[in-house]
Amino acid sequence: MKTKVHEASAQRWFAVALSLAASTVGGAAGAEAANEPSPKNDTSSEIAPERIQKKNLAAIKSRSGRFQRAGRLITNAAPAQNTNLLAPKSDGAALLRKNGTQKKTAPFSKFAHLQEKGMWLNIPGPADTIDQDYGGVRSALGEVGIGYVGGTVNTFVVNQLPDAARSTIRDQLYVGQNPTFNTLNFMIVTYDLSRLGIPDGQIILGAQQQYWTWKPGGPDRVGINTIAYYQTAFDGKLELKFGYLRNINEFVGTVVGGNAAVNVFGASSNILYQAGMSNNAAPTPALNLKYNFDDRFYNKASIQRSLSPDGQSAQIAENPTGLNWSTTNAGVLFLDETGYKNKAAPGLPETWLRAGAGFNNSSFTDLQRPTQPRASGNSIYYIAADRQLWQSDAQGSAARGIYAGLSVMYAPPGLNRVSQYYELRLYAKGLFDSRPHDQIAIVATNTAWSNFAVDAALAKGHLAHRDSTAISGTYTAHLAPGIYSSLGLTYINNPTSITYTPRTGHALNLLVSTSMFF
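Chemist: So what exactly am I meant to see when it comes to the nonpolar core here?
Modeler: A general tendency of soluble globular proteins is for nonpolar side chains to be buried together. Counting 22 residues, the largest nonpolar core has Phe251, Val252, Ile271, Leu272, Met277, Met409 and Ile498 as the members making the most contacts within it. For this core, the elements supplying multiple residues, two or more each, are α6 (269–274), β8 (332–342), β10 (378–391), β12 (418–429) and α8 (451–459). In terms of nonpolar packing, the next biggest core, distinct from the first, is built from 17 residues, Val149, Ala228, Trp352 and Tyr484 among them.

In C-alpha coordinates form, the structure reads like this:
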(Lines give C-alpha, C1' and ligand atoms only; values in the text may rest on other atoms or scores of the structure.)
Protein backbone atom coordinates (compact mmCIF):
# COMPACT_ATOMS: atom_id res chain seq x y z
CA MET A 1 0.00 0.00 0.00
CA LYS A 2 2.83 2.39 0.93
CA THR A 3 4.57 1.53 -2.30
CA LYS A 4 1.53 2.62 -4.34
CA VAL A 5 1.30 5.87 -2.37
CA HIS A 6 4.96 6.58 -3.04
CA GLU A 7 4.52 5.76 -6.73
CA ALA A 8 1.52 8.11 -7.01
CA SER A 9 3.46 10.84 -5.20
CA ALA A 10 6.44 10.36 -7.50
CA GLN A 11 4.19 10.57 -10.55
CA ARG A 12 2.69 13.83 -9.28
CA TRP A 13 6.14 15.40 -8.67
CA PHE A 14 7.38 14.19 -12.06
CA ALA A 15 4.33 15.75 -13.70
CA VAL A 16 4.94 19.03 -11.83
CA ALA A 17 8.55 19.06 -13.08
CA LEU A 18 7.46 18.47 -16.68
CA SER A 19 4.86 21.21 -16.45
CA LEU A 20 7.39 23.68 -15.02
CA ALA A 21 9.78 22.84 -17.85
CA ALA A 22 7.03 23.48 -20.38
CA SER A 23 6.26 26.80 -18.73
CA THR A 24 9.96 27.80 -18.82
CA VAL A 25 10.37 26.96 -22.50
CA GLY A 26 7.14 28.72 -23.43
CA GLY A 27 8.11 31.78 -21.33
CA ALA A 28 11.51 32.05 -23.03
CA ALA A 29 9.95 31.88 -26.46
CA GLY A 30 7.38 34.50 -25.49
CA ALA A 31 10.09 36.83 -24.16
CA GLU A 32 12.00 36.60 -27.40
CA ALA A 33 8.89 37.39 -29.42
CA ALA A 34 8.11 40.39 -27.21
CA ASN A 35 11.64 41.79 -27.60
CA GLU A 36 11.77 41.28 -31.36
CA PRO A 37 12.61 44.56 -33.14
CA SER A 38 9.96 46.58 -34.94
CA PRO A 39 9.91 46.12 -38.73
CA LYS A 40 10.80 49.82 -39.03
CA ASN A 41 14.12 49.25 -37.29
CA ASP A 42 17.40 48.01 -38.77
CA THR A 43 16.46 44.97 -40.83
CA SER A 44 19.87 43.33 -40.51
CA SER A 45 19.46 42.98 -36.73
CA GLU A 46 16.18 41.09 -37.16
CA ILE A 47 17.78 38.11 -38.87
CA ALA A 48 19.12 36.31 -35.81
CA PRO A 49 15.96 36.68 -33.64
CA GLU A 50 13.81 35.28 -36.47
CA ARG A 51 15.97 32.15 -36.72
CA ILE A 52 16.05 31.69 -32.93
CA GLN A 53 12.29 32.01 -32.76
CA LYS A 54 11.82 29.37 -35.46
CA LYS A 55 14.11 26.96 -33.59
CA ASN A 56 12.24 27.52 -30.32
CA LEU A 57 8.87 26.92 -31.98
CA ALA A 58 10.13 23.65 -33.43
CA ALA A 59 11.42 22.56 -30.04
CA ILE A 60 8.14 23.42 -28.36
CA LYS A 61 6.11 21.48 -30.93
CA SER A 62 8.31 18.38 -30.53
CA ARG A 63 7.59 18.31 -26.81
CA SER A 64 3.95 19.36 -26.93
CA GLY A 65 2.58 15.85 -26.56
CA ARG A 66 4.52 15.18 -23.36
CA PHE A 67 3.62 18.57 -21.88
CA GLN A 68 -0.08 18.06 -22.59
CA ARG A 69 -0.05 14.63 -20.86
CA ALA A 70 1.77 16.14 -17.90
CA GLY A 71 -0.84 18.90 -17.71
CA ARG A 72 -3.70 16.38 -17.58
CA LEU A 73 -1.91 14.47 -14.80
CA ILE A 74 -1.45 17.69 -12.79
CA THR A 75 -5.12 18.55 -13.17
CA ASN A 76 -6.20 15.19 -11.76
CA ALA A 77 -3.63 14.77 -9.00
CA ALA A 78 -2.42 18.18 -7.76
CA PRO A 79 -4.40 20.36 -5.31
CA ALA A 80 -6.49 23.10 -6.91
CA GLN A 81 -4.53 25.93 -5.28
CA ASN A 82 -1.27 24.78 -6.93
CA THR A 83 -2.62 25.37 -10.43
CA ASN A 84 -2.67 29.11 -9.71
CA LEU A 85 1.08 29.02 -9.04
CA LEU A 86 1.69 27.71 -12.55
CA ALA A 87 -0.52 30.30 -14.26
CA PRO A 88 1.47 33.32 -15.54
CA LYS A 89 0.50 36.70 -14.14
CA SER A 90 -0.18 39.51 -16.61
CA ASP A 91 -1.15 43.17 -16.65
CA GLY A 92 -4.52 43.25 -18.40
CA ALA A 93 -4.13 46.86 -19.61
CA ALA A 94 -0.60 46.20 -20.91
CA LEU A 95 -1.84 43.09 -22.70
CA LEU A 96 -4.62 45.05 -24.39
CA ARG A 97 -2.15 47.72 -25.50
CA LYS A 98 0.22 45.07 -26.85
CA ASN A 99 -2.55 43.26 -28.73
CA GLY A 100 -3.80 46.53 -30.19
CA THR A 101 -0.31 47.40 -31.43
CA GLN A 102 0.16 43.94 -32.94
CA LYS A 103 -3.16 44.15 -34.79
CA LYS A 104 -2.28 47.61 -36.09
CA THR A 105 1.19 46.70 -37.42
CA ALA A 106 0.52 43.07 -38.41
CA PRO A 107 -0.73 43.88 -41.94
CA PHE A 108 2.61 45.56 -42.70
CA SER A 109 4.98 43.18 -40.92
CA LYS A 110 4.95 40.94 -43.99
CA PHE A 111 6.89 43.65 -45.86
CA ALA A 112 9.76 43.88 -43.34
CA HIS A 113 12.05 41.54 -45.31
CA LEU A 114 11.59 43.73 -48.41
CA GLN A 115 13.12 46.85 -46.81
CA GLU A 116 16.75 47.58 -47.69
CA LYS A 117 19.14 45.61 -45.49
CA GLY A 118 22.58 46.35 -44.12
CA MET A 119 22.17 50.05 -43.20
CA TRP A 120 22.08 51.84 -39.85
CA LEU A 121 19.74 54.47 -41.39
CA ASN A 122 16.04 53.87 -40.84
CA ILE A 123 13.93 54.78 -43.87
CA PRO A 124 10.21 54.75 -42.95
CA GLY A 125 8.59 51.39 -43.67
CA PRO A 126 5.32 50.68 -45.52
CA ALA A 127 3.17 51.43 -42.47
CA ASP A 128 4.62 54.96 -42.40
CA THR A 129 4.08 55.87 -46.05
CA ILE A 130 1.42 57.90 -47.80
CA ASP A 131 0.14 55.07 -49.99
CA GLN A 132 0.74 52.24 -47.47
CA ASP A 133 -0.95 49.32 -49.28
CA TYR A 134 -3.59 51.29 -51.17
CA GLY A 135 -5.42 49.09 -53.66
CA GLY A 136 -3.29 46.11 -52.62
CA VAL A 137 -0.47 47.18 -54.95
CA ARG A 138 2.28 46.71 -52.35
CA SER A 139 0.89 43.29 -51.42
CA ALA A 140 0.73 42.19 -55.05
CA LEU A 141 4.35 43.20 -55.60
CA GLY A 142 5.37 41.63 -52.30
CA GLU A 143 3.96 38.28 -53.36
CA VAL A 144 6.49 38.17 -56.23
CA GLY A 145 9.33 39.39 -53.99
CA ILE A 146 9.38 43.09 -54.90
CA GLY A 147 9.47 45.92 -52.37
CA TYR A 148 9.80 49.66 -52.84
CA VAL A 149 10.10 53.00 -51.08
CA GLY A 150 10.17 56.48 -52.55
CA GLY A 151 10.60 59.86 -51.02
CA THR A 152 10.94 63.59 -51.51
CA VAL A 153 12.77 65.91 -49.11
CA ASN A 154 12.41 69.67 -49.68
CA THR A 155 14.41 72.16 -47.62
CA PHE A 156 14.48 75.96 -47.40
CA VAL A 157 17.19 77.84 -45.43
CA VAL A 158 17.59 81.61 -44.98
CA ASN A 159 19.71 83.81 -42.72
CA GLN A 160 17.55 85.90 -40.38
CA LEU A 161 20.17 88.47 -39.38
CA PRO A 162 19.51 91.93 -40.87
CA ASP A 163 23.11 92.36 -42.07
CA ALA A 164 23.35 89.02 -43.86
CA ALA A 165 25.37 90.49 -46.75
CA ARG A 166 23.08 89.30 -49.52
CA SER A 167 24.86 88.62 -52.78
CA THR A 168 24.21 87.18 -56.19
CA ILE A 169 23.74 83.42 -56.13
CA ARG A 170 27.01 83.09 -58.05
CA ASP A 171 28.91 84.87 -55.26
CA GLN A 172 27.05 83.15 -52.41
CA LEU A 173 29.46 81.76 -49.80
CA TYR A 174 27.27 79.54 -47.55
CA VAL A 175 23.85 77.94 -47.30
CA GLY A 176 21.32 80.55 -46.23
CA GLN A 177 23.31 83.68 -47.11
CA ASN A 178 20.72 84.08 -49.83
CA PRO A 179 17.42 82.16 -49.48
CA THR A 180 18.52 78.63 -50.40
CA PHE A 181 16.21 75.84 -51.57
CA ASN A 182 17.01 72.26 -52.40
CA THR A 183 14.95 69.20 -53.26
CA LEU A 184 15.97 65.56 -53.16
CA ASN A 185 13.79 62.85 -54.72
CA PHE A 186 14.57 59.14 -54.68
CA MET A 187 13.15 55.72 -55.45
CA ILE A 188 14.51 52.39 -54.17
CA VAL A 189 13.29 48.96 -55.31
CA THR A 190 14.31 45.65 -53.73
CA TYR A 191 13.97 42.03 -54.80
CA ASP A 192 13.88 39.22 -52.24
CA LEU A 193 16.42 36.50 -53.08
CA SER A 194 15.63 34.38 -50.02
CA ARG A 195 12.76 32.91 -52.06
CA LEU A 196 15.52 31.41 -54.23
CA GLY A 197 17.31 29.88 -51.24
CA ILE A 198 19.89 32.66 -50.67
CA PRO A 199 20.03 33.47 -46.92
CA ASP A 200 18.42 36.89 -46.41
CA GLY A 201 19.39 37.64 -50.01
CA GLN A 202 18.38 40.90 -51.61
CA ILE A 203 19.01 42.99 -54.73
CA ILE A 204 18.65 46.77 -54.28
CA LEU A 205 18.23 49.29 -57.11
CA GLY A 206 17.87 53.01 -56.51
CA ALA A 207 17.75 56.32 -58.39
CA GLN A 208 17.95 59.90 -57.18
CA GLN A 209 17.39 63.43 -58.46
CA GLN A 210 18.46 66.58 -56.66
CA TYR A 211 18.28 70.32 -57.34
CA TRP A 212 19.90 73.25 -55.51
CA THR A 213 19.47 77.00 -56.03
CA TRP A 214 23.07 77.32 -54.71
CA LYS A 215 25.02 74.84 -56.84
CA PRO A 216 28.04 74.30 -54.50
CA GLY A 217 25.58 72.88 -51.99
CA GLY A 218 24.71 70.06 -54.40
CA PRO A 219 25.23 70.31 -57.27
CA ASP A 220 22.25 69.23 -59.41
CA ARG A 221 22.20 65.64 -60.64
CA VAL A 222 20.08 62.75 -61.89
CA GLY A 223 21.58 59.32 -61.46
CA ILE A 224 21.74 56.11 -59.52
CA ASN A 225 21.33 56.01 -55.77
CA THR A 226 22.52 52.43 -55.35
CA ILE A 227 22.90 49.13 -57.19
CA ALA A 228 23.65 46.47 -54.61
CA TYR A 229 23.57 42.80 -53.64
CA TYR A 230 23.14 41.66 -50.01
CA GLN A 231 23.14 38.33 -48.22
CA THR A 232 24.19 36.69 -44.95
CA ALA A 233 26.19 33.57 -44.15
CA PHE A 234 26.97 31.37 -41.13
CA ASP A 235 23.49 31.79 -39.66
CA GLY A 236 23.60 35.58 -39.87
CA LYS A 237 27.06 36.00 -38.35
CA LEU A 238 28.48 37.40 -41.58
CA GLU A 239 26.79 40.06 -43.74
CA LEU A 240 27.95 40.73 -47.29
CA LYS A 241 26.99 43.72 -49.41
CA PHE A 242 28.57 44.90 -52.63
CA GLY A 243 27.84 47.06 -55.65
CA TYR A 244 27.46 50.82 -55.98
CA LEU A 245 27.02 51.71 -52.30
CA ARG A 246 26.53 54.89 -50.26
CA ASN A 247 28.68 54.17 -47.24
CA ILE A 248 27.47 57.27 -45.41
CA ASN A 249 24.39 55.10 -44.64
CA GLU A 250 26.51 52.08 -43.67
CA PHE A 251 29.11 53.64 -41.30
CA VAL A 252 29.47 56.27 -38.56
CA GLY A 253 25.80 57.26 -38.03
CA THR A 254 25.54 60.95 -38.96
CA VAL A 255 21.77 61.55 -38.77
CA VAL A 256 20.58 62.52 -35.29
CA GLY A 257 18.16 59.83 -34.14
CA GLY A 258 18.89 57.60 -37.16
CA ASN A 259 15.64 58.48 -38.96
CA ALA A 260 15.83 59.50 -42.63
CA ALA A 261 12.70 61.62 -42.18
CA VAL A 262 14.43 63.93 -39.68
CA ASN A 263 16.27 66.92 -41.14
CA VAL A 264 18.74 68.24 -38.56
CA PHE A 265 20.89 71.15 -39.71
CA GLY A 266 24.66 70.96 -39.20
CA ALA A 267 25.56 67.36 -40.05
CA SER A 268 29.14 66.01 -39.89
CA SER A 269 29.20 64.83 -43.49
CA ASN A 270 31.77 67.27 -44.91
CA ILE A 271 34.78 65.77 -43.15
CA LEU A 272 33.65 62.29 -44.26
CA TYR A 273 33.07 63.34 -47.88
CA GLN A 274 36.56 64.87 -48.14
CA ALA A 275 37.96 61.59 -46.81
CA GLY A 276 36.32 59.91 -49.81
CA MET A 277 33.24 58.27 -48.26
CA SER A 278 30.46 57.58 -50.77
CA ASN A 279 26.97 58.96 -50.16
CA ASN A 280 23.46 59.24 -51.59
CA ALA A 281 24.42 61.81 -54.23
CA ALA A 282 27.70 60.06 -55.06
CA PRO A 283 27.57 56.25 -54.76
CA THR A 284 30.73 54.37 -55.71
CA PRO A 285 31.71 50.68 -56.15
CA ALA A 286 32.36 49.00 -52.79
CA LEU A 287 32.50 45.66 -50.99
CA ASN A 288 31.29 45.67 -47.37
CA LEU A 289 31.68 42.83 -44.86
CA LYS A 290 30.17 42.88 -41.38
CA TYR A 291 30.87 40.23 -38.74
CA ASN A 292 28.42 40.00 -35.82
CA PHE A 293 30.18 38.54 -32.78
CA ASP A 294 26.77 38.35 -31.11
CA ASP A 295 23.59 40.41 -31.32
CA ARG A 296 25.41 43.53 -30.05
CA PHE A 297 29.16 43.54 -30.86
CA TYR A 298 30.22 43.86 -34.50
CA ASN A 299 33.05 44.75 -36.84
CA LYS A 300 32.39 46.18 -40.30
CA ALA A 301 34.95 46.72 -43.07
CA SER A 302 34.77 48.17 -46.57
CA ILE A 303 36.91 48.38 -49.68
CA GLN A 304 35.44 51.35 -51.56
CA ARG A 305 36.35 53.35 -54.65
CA SER A 306 37.06 56.80 -53.22
CA LEU A 307 35.24 59.98 -54.14
CA SER A 308 37.26 62.55 -56.06
CA PRO A 309 40.04 63.92 -53.81
CA ASP A 310 38.99 67.37 -55.07
CA GLY A 311 35.66 67.10 -53.26
CA GLN A 312 31.99 66.21 -53.60
CA SER A 313 31.25 68.87 -56.23
CA ALA A 314 34.11 67.67 -58.43
CA GLN A 315 32.91 64.08 -58.05
CA ILE A 316 29.36 64.88 -59.18
CA ALA A 317 30.50 67.20 -61.98
CA GLU A 318 32.69 64.46 -63.46
CA ASN A 319 30.34 61.56 -62.73
CA PRO A 320 26.75 62.90 -62.42
CA THR A 321 25.04 59.56 -63.10
CA GLY A 322 27.25 57.74 -60.58
CA LEU A 323 27.87 54.88 -63.02
CA ASN A 324 31.53 55.59 -63.78
CA TRP A 325 33.95 53.21 -62.10
CA SER A 326 36.28 56.01 -61.01
CA THR A 327 37.10 59.73 -61.30
CA THR A 328 40.34 61.65 -61.81
CA ASN A 329 42.99 61.05 -59.12
CA ALA A 330 40.59 58.82 -57.13
CA GLY A 331 42.02 55.70 -55.51
CA VAL A 332 40.69 53.26 -52.93
CA LEU A 333 39.27 54.01 -49.48
CA PHE A 334 39.63 51.30 -46.81
CA LEU A 335 37.16 51.61 -43.90
CA ASP A 336 36.83 49.68 -40.66
CA GLU A 337 34.39 50.23 -37.78
CA THR A 338 33.99 48.36 -34.51
CA GLY A 339 30.90 48.90 -32.44
CA TYR A 340 28.41 47.88 -29.78
CA LYS A 341 24.71 48.39 -30.46
CA ASN A 342 21.59 47.28 -28.65
CA LYS A 343 18.07 48.35 -29.46
CA ALA A 344 15.71 49.73 -26.87
CA ALA A 345 13.62 47.19 -24.98
CA PRO A 346 11.51 47.46 -21.81
CA GLY A 347 13.97 48.37 -19.08
CA LEU A 348 16.92 48.28 -21.51
CA PRO A 349 17.93 51.71 -22.89
CA GLU A 350 19.24 51.94 -26.43
CA THR A 351 23.02 52.23 -26.78
CA TRP A 352 25.28 52.61 -29.81
CA LEU A 353 29.05 52.96 -29.41
CA ARG A 354 31.35 52.94 -32.45
CA ALA A 355 34.88 53.82 -33.49
CA GLY A 356 36.41 53.66 -36.92
CA ALA A 357 39.20 54.65 -39.25
CA GLY A 358 39.66 55.12 -42.99
CA PHE A 359 42.75 55.09 -45.19
CA ASN A 360 42.74 56.56 -48.70
CA ASN A 361 45.45 56.15 -51.37
CA SER A 362 43.98 58.76 -53.73
CA SER A 363 46.17 61.66 -54.94
CA PHE A 364 45.31 64.72 -52.82
CA THR A 365 46.53 68.31 -53.06
CA ASP A 366 49.22 68.85 -50.41
CA LEU A 367 48.01 71.89 -48.45
CA GLN A 368 51.39 72.26 -46.78
CA ARG A 369 53.22 72.27 -50.12
CA PRO A 370 50.55 73.18 -52.72
CA THR A 371 53.08 73.70 -55.54
CA GLN A 372 54.44 70.19 -55.13
CA PRO A 373 53.01 67.05 -56.81
CA ARG A 374 49.90 65.55 -55.27
CA ALA A 375 50.31 63.32 -52.22
CA SER A 376 48.62 60.09 -51.18
CA GLY A 377 48.14 58.42 -47.83
CA ASN A 378 45.15 60.34 -46.46
CA SER A 379 43.20 59.09 -43.43
CA ILE A 380 40.30 59.79 -41.08
CA TYR A 381 39.52 58.65 -37.53
CA TYR A 382 36.28 58.89 -35.58
CA ILE A 383 34.49 57.86 -32.41
CA ALA A 384 30.79 58.33 -31.70
CA ALA A 385 28.33 57.35 -28.99
CA ASP A 386 24.57 57.59 -28.46
CA ARG A 387 22.75 56.53 -25.29
CA GLN A 388 19.12 56.59 -24.26
CA LEU A 389 18.98 58.36 -20.89
CA TRP A 390 15.30 57.87 -20.09
CA GLN A 391 12.44 55.77 -21.44
CA SER A 392 9.16 57.66 -21.44
CA ASP A 393 7.04 54.60 -22.33
CA ALA A 394 9.19 51.56 -21.59
CA GLN A 395 6.38 48.99 -21.88
CA GLY A 396 4.50 50.48 -24.81
CA SER A 397 7.29 51.88 -27.02
CA ALA A 398 10.74 51.45 -25.49
CA ALA A 399 12.48 53.67 -28.08
CA ARG A 400 10.62 56.75 -26.87
CA GLY A 401 12.59 58.93 -24.47
CA ILE A 402 15.58 61.24 -24.13
CA TYR A 403 18.99 60.56 -25.71
CA ALA A 404 22.45 62.10 -25.65
CA GLY A 405 25.34 61.63 -28.01
CA LEU A 406 28.73 62.87 -29.15
CA SER A 407 31.01 62.55 -32.18
CA VAL A 408 34.72 63.32 -32.56
CA MET A 409 36.46 63.16 -35.97
CA TYR A 410 40.01 63.91 -37.10
CA ALA A 411 41.76 64.13 -40.47
CA PRO A 412 45.40 65.19 -41.07
CA PRO A 413 45.55 68.96 -41.81
CA GLY A 414 48.15 68.50 -44.54
CA LEU A 415 45.62 66.90 -46.92
CA ASN A 416 42.22 68.00 -45.55
CA ARG A 417 40.67 71.47 -45.30
CA VAL A 418 38.43 70.23 -42.45
CA SER A 419 40.82 68.77 -39.89
CA GLN A 420 38.68 68.30 -36.77
CA TYR A 421 34.98 67.97 -36.04
CA TYR A 422 33.21 67.83 -32.64
CA GLU A 423 29.50 67.34 -32.01
CA LEU A 424 27.35 67.17 -28.88
CA ARG A 425 23.66 66.29 -29.23
CA LEU A 426 20.66 66.00 -26.95
CA TYR A 427 17.45 64.73 -28.51
CA ALA A 428 14.09 63.26 -27.62
CA LYS A 429 11.89 60.79 -29.49
CA GLY A 430 8.18 60.84 -28.75
CA LEU A 431 8.57 63.04 -25.68
CA PHE A 432 4.85 63.85 -25.57
CA ASP A 433 2.18 61.15 -25.40
CA SER A 434 0.05 63.15 -27.82
CA ARG A 435 2.99 63.29 -30.31
CA PRO A 436 4.64 59.84 -30.01
CA HIS A 437 6.50 60.05 -33.34
CA ASP A 438 7.91 63.59 -33.12
CA GLN A 439 11.57 64.37 -32.45
CA ILE A 440 13.28 67.33 -30.77
CA ALA A 441 17.04 67.86 -31.21
CA ILE A 442 19.60 70.31 -29.86
CA VAL A 443 23.01 70.00 -31.52
CA ALA A 444 26.25 71.90 -30.91
CA THR A 445 29.15 71.55 -33.35
CA ASN A 446 32.68 72.83 -33.84
CA THR A 447 34.58 72.50 -37.11
CA ALA A 448 38.34 73.21 -37.12
CA TRP A 449 40.01 74.10 -40.42
CA SER A 450 43.45 72.98 -41.56
CA ASN A 451 46.10 75.30 -40.08
CA PHE A 452 48.01 75.07 -43.39
CA ALA A 453 44.98 76.21 -45.39
CA VAL A 454 44.29 79.06 -42.93
CA ASP A 455 47.92 80.25 -42.96
CA ALA A 456 47.93 80.21 -46.78
CA ALA A 457 44.77 82.38 -46.86
CA LEU A 458 46.24 84.85 -44.37
CA ALA A 459 49.46 85.05 -46.39
CA LYS A 460 47.38 86.18 -49.39
CA GLY A 461 45.82 88.99 -47.34
CA HIS A 462 42.40 87.39 -46.82
CA LEU A 463 40.37 87.54 -43.62
CA ALA A 464 40.38 83.96 -42.30
CA HIS A 465 39.11 82.06 -39.29
CA ARG A 466 40.42 78.82 -37.83
CA ASP A 467 37.13 77.25 -36.84
CA SER A 468 33.34 77.45 -37.10
CA THR A 469 30.93 76.90 -34.21
CA ALA A 470 27.20 76.31 -34.45
CA ILE A 471 24.27 75.45 -32.19
CA SER A 472 20.90 74.38 -33.55
CA GLY A 473 17.46 73.46 -32.33
CA THR A 474 15.09 71.46 -34.51
CA TYR A 475 11.57 70.13 -34.03
CA THR A 476 10.36 67.42 -36.42
CA ALA A 477 6.63 66.71 -36.44
CA HIS A 478 5.07 63.53 -37.80
CA LEU A 479 1.98 65.00 -39.44
CA ALA A 480 0.49 61.87 -41.00
CA PRO A 481 1.66 58.47 -42.28
CA GLY A 482 4.63 59.21 -44.52
CA ILE A 483 4.62 63.00 -43.92
CA TYR A 484 7.11 64.85 -41.70
CA SER A 485 7.91 68.53 -41.28
CA SER A 486 10.97 70.07 -39.59
CA LEU A 487 11.43 73.59 -38.25
CA GLY A 488 14.86 74.61 -37.00
CA LEU A 489 16.99 77.58 -36.04
CA THR A 490 20.81 77.54 -36.17
CA TYR A 491 23.27 80.16 -34.98
CA ILE A 492 26.65 79.91 -36.72
CA ASN A 493 29.80 81.78 -35.79
CA ASN A 494 31.86 81.92 -39.01
CA PRO A 495 29.48 80.21 -41.48
CA THR A 496 31.91 80.45 -44.41
CA SER A 497 34.78 78.11 -45.23
CA ILE A 498 38.08 79.64 -43.94
CA THR A 499 37.89 83.06 -45.65
CA TYR A 500 35.19 85.62 -44.87
CA THR A 501 34.21 89.27 -45.14
CA PRO A 502 33.34 91.62 -42.25
CA ARG A 503 29.63 91.08 -42.98
CA THR A 504 29.73 87.25 -43.20
CA GLY A 505 31.04 86.51 -39.73
CA HIS A 506 27.72 85.32 -38.27
CA ALA A 507 24.47 83.72 -39.41
CA LEU A 508 21.14 82.83 -37.85
CA ASN A 509 19.66 80.33 -40.27
CA LEU A 510 15.98 79.41 -40.28
CA LEU A 511 15.32 75.93 -41.68
CA VAL A 512 11.95 74.67 -42.94
CA SER A 513 11.79 71.17 -44.38
CA THR A 514 9.19 68.62 -45.43
CA SER A 515 9.79 64.90 -45.99
CA MET A 516 7.25 62.62 -47.67
CA PHE A 517 7.51 58.89 -48.27
CA PHE A 518 5.45 56.48 -50.34
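So, next bit.
Chemist: Whenever I open this one, α8 confuses me. Can you help?
Modeler: Residues three or four positions apart in an α-helix share a direction because the helix packs 3.6 residues into each turn. Among all positions in α8, only Ala453, Val454 and Ala457 are buried. One side of α8 carries all its buried residues, which in axial view fall inside an arc of 100°. For α8, the secondary structure elements touched by its buried residues are β13 (439–449), β14 (463–464) and β17 (499–500). N-cap assignment for α8: the residue whose side-chain oxygen lies 3.2 Å from the backbone N of phenylalanine 452 is serine 450. Two residues or fewer past α8, glycine 461 is found with a positive phi of approximately 90°.

Chemist: Explanation requested: the pattern of salt bridges in the structure shown.
Modeler: When charged atoms on two side chains of opposite charge get close, those side chains can pair. Counted by the stated rule, this structure contains 15 salt bridges. Of the charged contacts in the structure, one is a salt bridge between aspartate 386 and arginine 354, with a shortest N-O distance of 2.9 Å. Placement of the pair is aspartate 386 in strand β10 and arginine 354 in strand β9 (residues 351–360), with a sequence separation of 32 residues. Given the relative accessible area of 3%, arginine 354 is considered buried. Each of Glu116, Lys241, Arg246, Glu250 and Lys300 takes part in one network of salt bridges that share partners.

Chemist: Explanation requested: a nonpolar patch on the surface in the structure shown.
Modeler: On the surface, Ile130, Met187, Val189, Ile203, Leu205, Ile227, Leu323 and Phe518 cluster together into a nonpolar patch covering about 610 Å² of accessible area. Of all the secondary structure elements, the ones that give two or more residues to the nonpolar patch are β2 (180–192) and β3 (202–212). By the secondary structure assignment, leucine 323 is in the loop between α7 (312–318) and β8.

Chemist: Even after reading the chapter, I still don't get unusual backbone geometry, so can you show me in this structure?
Modeler: Peptide bonds are trans in most cases, and residues, glycine excluded, mostly fall at negative phi. The amide bond that connects glycine 218 to the next residue, proline 219, takes the cis arrangement and shows omega of -5°. With respect to the helices, strands and loops of the structure, proline 219 is situated in the loop between β3 and β4 (221–233). Here the phi dihedral of aspartate 200 falls at roughly 55°; this positive angle occurs in a residue that is not glycine. In this fold, aspartate 200 is placed in the loop between β2 and β3. Overall, aspartate 200 belongs to the buried group, its relative accessible area being 13%. Backbone geometry places phenylalanine 234, a non-glycine residue, at a positive phi of 55°. For phenylalanine 234, the position within the fold is in the loop between β4 and β5 (238–245). For phenylalanine 234, a relative accessible area of 65% corresponds to the exposed category.

Criteria and cut-off values
Residues numbered from 1 in each chain as written. Predicted model: local features only at pLDDT ≥ 70, side-chain atom pairs only at ≥ 80, totals over all residues. Heavy atoms only, no water. Core = buried A, V, L, I, M, F, W, Y, C linked by side-chain atoms within 4.5 Å. Buried < 20%, exposed > 50% of the residue type's maximum accessible area, 1.4 Å probe, protein only. Helix = DSSP H or I, 4+ residues; strand = E, 2+ residues; numbered from the N terminus. Arc of directions from axis to C-beta. Contact = heavy atoms within 4.5 Å. Polar contact = N/O pair within 3.5 Å; in protein donor to acceptor, adjacent residues only side chain to side chain. Salt bridge = Lys/Arg side-chain N within 4 Å of Asp/Glu carboxyl O. Patch = residues over 30% accessible without salt bridge, like charges linked within 9 Å, V, L, I, M, F, W, Y side chains within 5 Å. Areas by Shrake-Rupley, 256 points an atom, 1.4 Å probe, with all protein chains shown as cover.

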